[in-house]
Amino acid sequence: MKPIRSRRARAMVVAVAAGALALTGCSDNGSGKAKDESKSKEDAAEQSKPVAYADAAGSTGPAKEVTGAKPGGTINVYMQSDLTHMDPGQIYVSDAGQFSNLIHRGLTDYQEDDKGNLTVVGDVATDSGTTTDGGKTWKYTLKDGIKDEDGHAITSADVRHSIERLYSKVIFDGPTFVQSWLSGSDYRKALPDGPYKGKHLPDSVLETPDAKTVIFKFDTPRPDLPQALAMAGYALVPEKDDTKEKYDKAPKSLGPYKISEYKSGKTLKLVKNDQWDPKTDSVRHQYADGFNFSLTIDGASQTKRLIADQGEARNAIQFTDSVDPAQIQDVVSAPDVNKRTIKGYQVYVWQMTFNLDRLKDKKIRDAITYALPNQALIQADGGKYGGELAGGLFAPTLPGYDDGYDPFGKKKTPNGNQTKAKELLKEAGFKEGTKITYAYSNSPRGQAQAVIIKDALEKIGFDVQSKEIDRASFYEQIGKLDNPYDLYMTGWGQDWSSPSTVVTPVYDGSLIADGGSNYSHVKDAKVDALIQEALKLQPEEAAKKWEEAHHRLVEEINPAAPVYYSKQIQLFGSNIGGARFSTNSSYIDINQVFVKQP
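Residues numbered from 1 in each chain as written. Predicted model: local features only at pLDDT ≥ 70, side-chain atom pairs only at ≥ 80, totals over all residues. Heavy atoms only, no water.

Details of the packing of helix H15 (residues 500-507) against helix H17 (residues 539-557)
Turning to step 1, where the next piece is worked out: Contact geometry for H15 and H17: axes closest at 10 Å, N-to-C directions at 45 degrees. Relative to H17, the element H15 is oriented oblique. In this structure, H15 crosses over H17, and the sense of that crossing is left-handed. When H15 is examined against H17, the residues Ser-500, Val-503, Thr-504 and Tyr-507 are found in contact with a partner set consisting of Trp-546, Ala-549 and Leu-553.
Turning to step 2, where the next piece is worked out: Each residue belonging to the contact of H15 with H17 can be placed in one class, and the counts come to five nonpolar, two polar and no charged. (Axes fitted to C-alpha atoms, helices over the stretch in contact; angles between N-to-C directions. Helix = DSSP H or I, 4+ residues; strand = E, 2+ residues; numbered from the N terminus. Parallel < 35°, antiparallel > 145°, perpendicular 65-115°, else oblique. Left-handed = near helix turned anticlockwise from the far one by under 90°. Contact = heavy atoms within 4.5 Å. Nonpolar A, V, L, I, M, F, W, Y, C, P; charged D, E, K, R; others polar.)

Comments concerning the packing of aromatic side chains
Turning to step 1, where the next piece is worked out: Tallied over the entire structure, the rule returns 19 aromatic pairs.
Turning to step 2, where the next piece is worked out: Between Phe-99 and Phe-293, the aromatic rings sit 6.2 Å apart at their centres with planes inclined by 75 degrees, giving edge-to-face as the arrangement. Residue Phe-99 is located in helix H3 (residues 94-103), and its partner Phe-293 is located in strand E11 (residues 290-294); the two are separated by 194 residues in the primary sequence.
Turning to step 3, where the next piece is worked out: By relative accessible area, Phe-99 is classed as buried at 0%.
Turning to step 4, where the next piece is worked out: Ring centres of Tyr-140 and Phe-216 lie 6.1 Å apart, and the angle between their planes is 90 degrees; this geometry places the pair in the edge-to-face category. Residue Tyr-140 is found in strand E6 (residues 137-141), and its partner Phe-216 is found in strand E8 (residues 213-217); the two are separated by 76 residues along the sequence. Taken individually, Tyr-140 and Phe-216 each receive the classification buried, so the pair is uniform in this respect.
Turning to step 5, where the next piece is worked out: Within the aromatic cluster, the residues linked to one another by ring pairs are Tyr-140, Phe-177, Trp-181, Phe-216, Phe-218 and Trp-496. (Phe/Tyr/Trp six-rings, centres within 6.5 Å; stacked < 30°, edge-to-face > 60°. Buried < 20%, exposed > 50% of the residue type's maximum accessible area, 1.4 Å probe, protein only.)

Some thoughts on the side chain of Asn-558
Turning to step 1, where the next piece is worked out: Checked against the element boundaries, Asn-558 lands in the loop between H17 and strand E18 (560-571).
Turning to step 2, where the next piece is worked out: Reaching out from Asn-558, the side chain makes a polar contact with the side chain of Thr-369 at a distance of 3.0 Å.
Turning to step 3, where the next piece is worked out: Leave out the neighbours within four places in its chain, and Asn-558 touches Phe-354, Arg-365, Asp-366, Thr-369, Phe-408 and Leu-553. (Polar contact = N/O pair within 3.5 Å; in protein donor to acceptor, adjacent residues only side chain to side chain.)

Concerning helix H13 (residues 444-459)
Turning to step 1, where the next piece is worked out: With 16 residues, H13 should reach 22 Å at 1.5 Å per residue; the first-to-last C-alpha distance of 23 Å fits that figure.
Turning to step 2, where the next piece is worked out: Looking only at H13, the buried set comprises Pro-444, Arg-445, Gly-446, Ala-448, Gln-449, Ala-450, Ile-452, Ile-453, Ala-456 and Leu-457.
Turning to step 3, where the next piece is worked out: Gly-461 sits one or two positions beyond H13 and adopts a positive phi of about 115 degrees. (Expected span 1.5 Å × (residues − 1).)

Points about helix H10 (residues 362-371)
Turning to step 1, where the next piece is worked out: Among the ten residues in H10, eight count as buried, and that is most of the element.
Turning to step 2, where the next piece is worked out: Residue Asp-361 occupies the N-cap position of H10, its side-chain oxygen lying 2.9 Å from the main-chain nitrogen of Lys-363.

Focus: the pairing of strand E16 (residues 463-469)
Turning to step 1, where the next piece is worked out: When strand E15 (residues 435-441) meets E16, the two strands line up parallel, connected through seven bridges. If you follow Lys-435 over to E16, its bridge partner there is Asp-463.
Turning to step 2, where the next piece is worked out: You can see the chain leave E15, run along H13 and come back into E16, and the turn it takes is right-handed. (Pairing = 2+ DSSP bridges. Right-handed = clockwise from strand over helix to strand, strands pointing away.)

Focus on the confidence of the model for the protein
Turning to step 1, where the next piece is worked out: With 92% of its residues at a pLDDT of 70 or more, the protein has an overall mean of 91.
Turning to step 2, where the next piece is worked out: Overall, residues 1-33 carries pLDDT values under 50, and its contacts beyond four positions in sequence, including any with other chains, amount to 153 contacts. (pLDDT = per-residue confidence, 0-100.)

A look at the side chain of Gln-494
Turning to step 1, where the next piece is worked out: Topologically, Gln-494 is positioned in the loop between strand E17 (487-493) and H15.
Turning to step 2, where the next piece is worked out: A distance of 3.0 Å separates the side chain of Gln-494 from the side chain of Thr-397, its partner in a polar contact.

Comments concerning the layout of surface pockets
Turning to step 1, where the next piece is worked out: Put simply, the second largest pocket is a space of about 560 Å³.
Turning to step 2, where the next piece is worked out: Lining the second largest pocket are 25 residues, with Thr-176, Tyr-187, Arg-188, Ala-513 and Asp-514 positioned closest to its centre.
Turning to step 3, where the next piece is worked out: Of the residues in the lining of the second largest pocket, the class split is eleven nonpolar, eight polar and six charged. (1 Å grid on protein atoms, 1.4 Å probe; cavity = no way out; pocket = protein on both sides within 12 Å on 5 of 7 lines; lining within 4 Å. Points joined across faces, edges and corners; volume = space filled by probe spheres on them.)

Examining the packing of H10 against helix H12 (residues 418-427)
Turning to step 1, where the next piece is worked out: Direction vectors running N to C along H10 and H12 enclose 165 degrees, while the axes themselves pass 8 Å from each other. When the axis of H10 is compared with that of H12, the two are roughly antiparallel. For the element pair H10 and H12, the recorded crossing hand is left-handed. Contact with H10, carried on its side by Lys-363, Ile-364, Asp-366, Ala-367, Tyr-370 and Ala-371, involves Lys-420, Ala-421, Leu-424, Leu-425 and Glu-427 of H12 and no other residues of that element.
Turning to step 2, where the next piece is worked out: Counted by class, the contact of H10 with H12 contains seven nonpolar, no polar and four charged residues.

Brief notes about the sheet that holds E8
Turning to step 1, where the next piece is worked out: Within the open sheet, the three strands sit side by side as E6-E8-E7. Their pairing is antiparallel. The sheet terminates laterally at E6 and strand E7 (206-210), the two strands that pair on one side only. Geometrically, the sheet is characterised by an average inter-axis angle of 20 degrees between neighbouring strands, direction not taken into account.
Turning to step 2, where the next piece is worked out: Relative to E7, helix H4 (residues 156-164) is tilted by about 165 degrees, and along the sheet it contacts E7 and E8.

Quick look at the environment of Ile-154
Turning to step 1, where the next piece is worked out: Along the polypeptide, Ile-154 turns up in the loop between E6 and H4.
Turning to step 2, where the next piece is worked out: We classify Ile-154 as buried; its relative accessible area is 5%.
Turning to step 3, where the next piece is worked out: For the pair formed by Ile-154 and Thr-60, sequence separation is 94 residues and the distance between their alpha carbons is 17 Å.
Turning to step 4, where the next piece is worked out: If we ignore the near neighbours within four places in the chain, the residues touching Ile-154 are Leu-142, Ile-146, Lys-147, Asp-148, Leu-236, Pro-238 and Leu-254.

Structural notes on empty space enclosed by the protein
Turning to step 1, where the next piece is worked out: Here the second largest cavity defines a volume of roughly 80 Å³.
Turning to step 2, where the next piece is worked out: Lining the second largest cavity are 14 residues, and of these Tyr-257, His-285, Phe-291, Ile-590 and Asn-591 sit closest to its centre.
Turning to step 3, where the next piece is worked out: Considered class by class, the residues forming the lining of the second largest cavity number eight nonpolar, five polar and one charged.

Here you go:
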């Protein structure tokens, strides 16, 4: 999903009751008399700029002070469910990525200016990386003064350990870019037990000649390595601290905050990490004394509390949840409330993903695509403040986005084309009453959209079996190769500003595996060949290859039907300062916030 971006998109949480009457209640949200301040594709284009790579001077802390920032106070964080993961190696979903900013650090990170421009800086490393051979070899030198929360100094051995543990079966749910670049798509075979039995990757692949130096060696140029390493999934796990599977519930901090208390599924408390040195960090701050996470507050309740702005809500923020669609009009039409929002165009594309092991007939998949009422699904996620109709699988935040691309004619029939759908089903020899299993997250958004999808597919003759999955484990469940579902709504966003981070992790046939991101299990020789060709080219030259792969996927294979491009609107309390939309995370910039009156 950009880094995050990308990042995999967690279901943006909204509170709409799972029933047709509730949908009527929110259908006008965002279309009333309030001034339209929803973000446009022009705003998205501003987020597609290439990033800069910083030298040592640009990577030196402390981070630039936030105007008006004060130390002290505790920030209350509203979430409706637990974090998907806290182990860096498992983090590839946006809620955990947002959390990672507070406690984890990697070799590199993103620094964001007031206009949303991104620069890759050295985080634990002194700079964003140096290469003298076009990106085949990358050298990193570690900063002095980097320690874990127990005061242990971080060395190159910890970096090596953090990379090598990703090869083991302990890790199943994080990004795979660096591992596959180093050891191929079958990378686990290169070090099946990770570093846990004393074996290591050869120095010809990953070298640590001394305690301060790390050298990555690839067989082909990897100019995007600094951006890949900035992903939360490549943050460091100190060798002495690694508790394997248990680490996911009790990670050690290198960042400005550390975990003081965690009650799974209920609460999480962070306090200051006194071993974090701001002089080593050009990205983060430590203004607040801590963060108190409440993990059981649904989107509707979050919105109500923040609109009221009383008591603890004055010091509260939405983390990765969004304003409840049924209350958006209440938010944007009240100036005093609206000024306490952040709005932005996210990197995510919501898509109806088909399990190709079960839905093998393309005509069936196309029929479902035509039948989907995209606009109604957008309305269930906040209307124009929640998303915009998608023509393809590339978001407007990607370089070279084509606004005219709409092969299924969704702009003309935004609420579905049932006539075309039925024609295709007839051609496919479809039998009325055929069962189809739709899996969805138990978020209010997922529940509301499940009602719409069931209705649309039953109108063209399917017997829809809806299966609800816990929000926190949704991607883990659909990421199993033998999952029992025919289709499921997924969200994906670029990991950085390149189509490679969309096409490769989601549609590369060589990456089909349990825990992988190829949720449709698509394996097409032509697409795979285009991926390999594009990866060897510079971005400008590769653009045509990525576009060709995109068109083949959407038009000739259809592993996932484009539904909508995602937007964000979040609320924060009146005593929160520094709140802004982050191009990097697609949420409130967690690195900037402070308490105005501690």
